[in-house]
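Descriptive structure summary
As a plain string of letters, each chain reads:
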Amino acid sequence: MKPFFKNFSEKLIEGLLMICGTITSLTVVLIVFFLFKEGLGVFNKKAVEEGYVVMVNKSNPVNSISPEDIKNIFDSKITSWKDLGGKNDSIILFRLEDISNYFTDEQIGENFEGLPLLLNRVVDSIPQILAFFPEKYLGKNFKGREIEAGKITFSTFFGGKEWFPTAQPAAQLGVMPLVMGTLWVSLGAILLALPLGLAAAIFLSEIAKDKVRRVMKPLIELLAGIPSVVYGFFGLVVIVPAIQKLFNLPVGETGLAGSIILGIMALPTIITISEDAMRNTPRAMKEASLALGASKWQTIYKIVIPYSISGISAAAILGIGRAIGETMAVLMVTGNAAVIPTSILEPMRTIPATIAAELGEAPDGGLHYKALFALGCILFIITLVINLIVEFISGSKKNRRV
Amino acid sequence: MNKLESKQVNFYYGSSHALKDINLAIEANTVTALIGPSGCGKSTYLRLFNRMNDLISDTRLTGEVIIDGVNIYKKGINVDNLRKMTGMVFQKPNPFPKSIFENVAYGLRVNGITDKKFIEERVETTIKQVVLWDEVKDKLKKSAFELSGGQQQRLCIARAMAIQPSVILMDEPTSALDPISTSKVEELIHELKTKYTIVIVTHNMQQAARVSDHTAFFYLGELVEYGVTKQIFTNPNVERTQNYITGRFG
């Protein structure tokens, strides 16, 4: 009886462990699946307001207009069909409220019952027309032609230079400013954090006395445990005003402020990982260098750093990863202007900050909502690539140390 | 004149007394073997001559350690320069993560030599000295980790010799090597004797008997006996030495 029971309980535990493992892996897969399912839903959707149609005269050869073109037409930046691949005719923009310029109120009718017919007449009689109106006023036997307007494609999404998801009449969903903002802020962060972190790691692993190390290391690790909102407060109260004063700017909320905060946040990662890598340098190797008359500093930069270079690169890349995914602190200090940055001293907006700031306002399942998920996908891919690079680097390290 | 000398040397790791009143004089161009059971202080003693023990915190030394008549622990001694005079070979082969060529050239480079031709010549002659040239001449640019353990150790000896020290300190240089590699290193020691003063720590009695001119037996931090190798191994003065070399303890 006893051996049977033992066998059974062991099987039971094994089964439980397997279930836990499976659930975890499944969760990860599910998260990725739903993220991409929602995110990819943004493509081939129309950026024009829901329920609206865009009509042109049948003789018009233009087949599609991008969301950006629509905006430019409304802003009178595009005035000729030629710019859209059509004839050399100026565009006559027609909105529903323009109907009163063409017809009297009696013709329209009290309850707009005359509208479908009149719209039909307008579109049919003016060859240069570009008409926006609600689909419900679309009459039977409509003589105009609907064109594909404001369709969101890969190129308009990734190449678009404007992020304005609530714009009328067409939402502008270009992720370029956000991707650029993220990259600028993260790059700035790593440029600040890497030299500082590396210097601190060298100090801790090679120069600091044991006593100093025992105090400093936990202190640095403590940095990693501070909630990011607290970093954000610190940035808002200390760094933002300092930048404003130092560079004489109208506002201190700039990419630089984000970079500094993210740099500080990436420091513990960079320091602890590269310090561990450096401490892994065999003592005999350092002694061999010193025994040849090399100074301590020569030993550090000719032996310790080359030996631990893969660990150091992994630290740098993980630091970047931390910076790219960070949301709260960045949201608080970067100023969040969705404009393609030309200098680090401008307000910027990062991908995670955008998602956090806008998700609450985006209607469930709508275009904006899906666009934010698509942003999440971009972020996911960036961090995945970063992790793969780390994996690759630390993998090649193992091969080297045969 | 004696090349190396220690006068009333006491050495402490924290509160533990690792070397007790060691007086020893080593002549130039001889091989001296330091033998004794593990933890007897022989490695600690060896590492006094290039001040490697300085790297360990909480240590203390009294007495004088002398190279060429100079107390190397007196104030004002440049430790980096001192270490250029003494090459060291370690227990396990520990080449740098660099090419074979750069391993040997390292000592020259860190000492500020930039003349490319000079470095190339010195690397070649040194590798030839350790009888490794024929095995590596076609792959000098390859990583030193691609060599076998025995080859790596000979490379490490070449690395130590490239800066032309007058003393070579060897800390159990063959303990990680196979018998064939070991005999190659031993032959090398024999040849190097004409140019260098060699001190070798070893656990291997036969090796001590084969390669050394003088042998020092350490036990529990004390120098029990020092003398000509032949005499130590055939007719030691102290009974403890007799017991150790015949394998009765240790």
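Cut-offs used in this document
- Residues numbered from 1 in each chain as written.
- Chains lettered and ligands numbered in written order.
- Predicted model: local features only at pLDDT ≥ 70, side-chain atom pairs only at ≥ 80, totals over all residues.
- Heavy atoms only, no water.
- Helix = DSSP H or I, 4+ residues; strand = E, 2+ residues; numbered from the N terminus.
- Buried < 20%, exposed > 50% of the residue type's maximum accessible area, 1.4 Å probe, protein only.
- Contact = heavy atoms within 4.5 Å.
- Areas by Shrake-Rupley, 256 points an atom, 1.4 Å probe, with all protein chains shown as cover.
- Domains from an automatic or database assignment.
- Buried area = accessible area lost by both parts, 1.4 Å probe.
- Pairing = 2+ DSSP bridges.
- Polar contact = N/O pair within 3.5 Å; in protein donor to acceptor, adjacent residues only side chain to side chain.
- Axes fitted to C-alpha atoms, helices over the stretch in contact; angles between N-to-C directions.

With that settled, consider the overall build of chain B. From N to C terminus, chain B includes 10 helices and 10 strands. In terms of principal-axis extent, the alpha carbons of chain B reach across some 55 × 45 × 35 Å. By the burial criterion, 53% of the 250 residues in chain B qualify as buried. Across chain B, every contact between residues at least 6 apart in sequence was considered, and the portion connecting residues at least 24 apart equals 67%. For chain B, the exposed surface amounts to about 11000 Å²; the carbon and sulfur share of it is 47%.

Glycine aside, residues mostly have negative phi, and peptide bonds are mostly found in the trans state. Residues and elements named next belong to chain B. The backbone phi angle of D21 is positive, close to 55°, even though this residue is not glycine. Its place among the elements puts D21 in strand β2 (residues 16-27). Positive phi is not limited to glycine here, since V131 has a value of about 55°. For V131, the location among the structural elements is in the loop between α4 (116-129) and α5 (133-136).

Note on placement: L24 of chain B falls in strand β2. When the C-alpha positions of L24 of chain B and I77 of chain B are compared, they lie 22 Å apart, and in sequence the two are 53 residues distant.

All names here are of chain A. In terms of domain boundaries, chain A breaks down into domain 1 (52-173) and domain 2 (176-400). Using C-alpha coordinates to define each centre, domain 1 is positioned 47 Å away from domain 2. Contacts between the two partners involve 12 residues from domain 1 and, on the opposite side, 15 residues from domain 2. Counting each side, the surface lost to burial between domain 1 and domain 2 is near 950 Å², with a carbon and sulfur contribution of 79%.

We now examine the sheet that holds β2 of chain B. Residue and element names in this part refer to chain B. The sheet built from four strands is open, its strands ordered β2-β1-β4-β5 with antiparallel pairing. At either end of the open sheet lies a strand with only one pairing partner, and these are β2 and β5 (70-71). Where strand β1 (residues 2-13) meets β2, eight bridges bridge the pair, whose relative direction is antiparallel. Note on β2: the bridge partner recorded for Y12 is H17.

Residue and element names in this part refer to chain B. For T30, the location among the structural elements is in the loop between β2 and β3 (31-35). A polar side-chain atom of T30 sits 2.8 Å from the main-chain carbonyl oxygen of E27. Those residues within four positions of T30 in sequence are excluded, and the remaining contacts are K193, Y196, T197, I198, D213 and H214.

Turning next to the sheet that holds strand β7 (residues 167-171) of chain B. All names here are of chain B. Strand order in this open sheet of six strands is β6-β7-β8-β3-β9-β10, and the pairing throughout is mixed. Single-partner strands in this sheet number two, and they are β6 (86-89) and β10 (222-228). In this sheet, adjacent strand axes meet at a mean angle of 15° when their direction is disregarded. Alignment of β6 against β7, held across four bridges, turns out to be parallel. Bridge pairing in β7 places M88 opposite L169. Contacts between helix α6 (residues 149-161) and the sheet are confined to β6 and β7, with β6 contributing the most and set at about 170° to the helix.

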